[in-house]
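Now for the letters of each chain:
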Amino acid sequence: MSGIVFVVSGPGGVGKSTVVGELMKRDSALWLSRSWTTRERRPGEADDAYNFVSRDAFEAHIVAGGFLEWTTFLGNYYGTPLPTPTPGKDIVLEIEVDGASQVKQQHPSAVLIFVLPPSREEQRQRLTVRGDDERKVDERLRKAEEEEPVGIALADHVIINHTLDQTIADMLAIVAQARRAASI
Ligand code: 5GP
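The structure contained in this document is the topic of the report that follows. All values reported here derive from a predicted model rather than from experimental measurement.

### A look at the site of the ligand
Surveying the vicinity of the ligand reveals 18 residues, the closest of which are Ser 35, Arg 39, Tyr 50, Tyr 78 and Glu 96. Between Lys 16 and the ligand, the recorded distance is 2.8 Å, taken from a side-chain N or O atom to an oxygen atom. At 2.5 Å from an oxygen atom of the ligand is found a side-chain nitrogen or oxygen belonging to Tyr 50. Contact with the protein chains hides 96% of the accessible area of the ligand, taken as 510 Å² for the molecule alone. Where the shell around the ligand is concerned, the elements lending two or more residues are strand E5 (67-73) and strand E6 (76-81). When its residues are assigned to classes, the shell around the ligand shows 4 nonpolar, 6 polar and 8 charged.

### Points about the sheet that holds strand E3 (residues 36-37)
Spatial strand order, E4-E3-E6-E5: 4 strands in an open sheet with mixed pairing. Among the strands making up the open sheet, the edge pair consists of strand E4 (51-52) and E5. Strand direction decides the pairing type here: E5 and E6, joined by 6 bridges, are antiparallel. Across the sheet, Phe 67 pairs through a bridge with Pro 81, a residue of E6.

### Section: the pairing of strand E1 (residues 5-9)
In terms of residue burial, E1 counts as a mostly covered element, since 5 of its 5 residues are buried. Residue alternation in E1 divides its side chains into two sets, Val 5, Val 7 and Ser 9 and Phe 6 and Val 8, and both sets are buried. Bridge count for E1 against strand E7 (residues 90-94) is 4 bridges, and the pairing is parallel. Opposite Val 5, over in E7, you have Ile 91 as the bridge partner. Here E1 pairs with strand E8 (residues 111-116) via 4 bridges, running parallel.

Procedures and definitions
- Residues numbered from 1 in each chain as written.
- Predicted model: local features only at pLDDT ≥ 70, side-chain atom pairs only at ≥ 80, totals over all residues.
- Heavy atoms only, no water.
- Near = heavy atom within 4 Å.
- Polar contact = N/O pair within 3.5 Å; in protein donor to acceptor, adjacent residues only side chain to side chain.
- Areas by Shrake-Rupley, 256 points an atom, 1.4 Å probe, with all protein chains shown as cover.
- Helix = DSSP H or I, 4+ residues; strand = E, 2+ residues; numbered from the N terminus.
- Nonpolar A, V, L, I, M, F, W, Y, C, P; charged D, E, K, R; others polar.
- Pairing = 2+ DSSP bridges.
- Buried < 20%, exposed > 50% of the residue type's maximum accessible area, 1.4 Å probe, protein only.

And the structure:
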């Protein structure tokens, strides 16, 4: 992998997908990896949000050495296939903290950005709007409590997602800074 690797992590409901989607629109020199998962597609979720696969297919891909990193998260597999970015582009991975830590071990120069919600209430609301039932929302909020200290300790940058505009501005500044450092 020749480009810079940017890893965006953060607990469920923090707005990562929206932030990353917007970042991709703003910077055409970024390439977004599409993860594999065994989770079911949510109602209304785009077909191409993930490569939705069976457990057998996922496990076969692990054995074949086809993942840069993979993990289990709330009972499902999630993994980043070995990236094949367009030459010259920098890579963006939107993954949870265990995966982020695996990427950092393999690529110490990877830039880890951890996004936090402004409050638990805001986070609960975002999770609920997305269509998860109450049990799943509670489960994800509990998981967030576990993930946050690990993510903060691991991260090169921590951003609180108060507003999309500010978060994108912060992200673009981080990307620009990393490109400057890489070109020295
Ligand atoms: P969700 O089910 O909400 O789409 O994703 C659950 C968590 O898995 C989120 O934190 C998301 O960022 C993370 N995730 C998505 N794709 C991957 C992946 O390829 N690897 C890892 N480690 N985590 C992922």
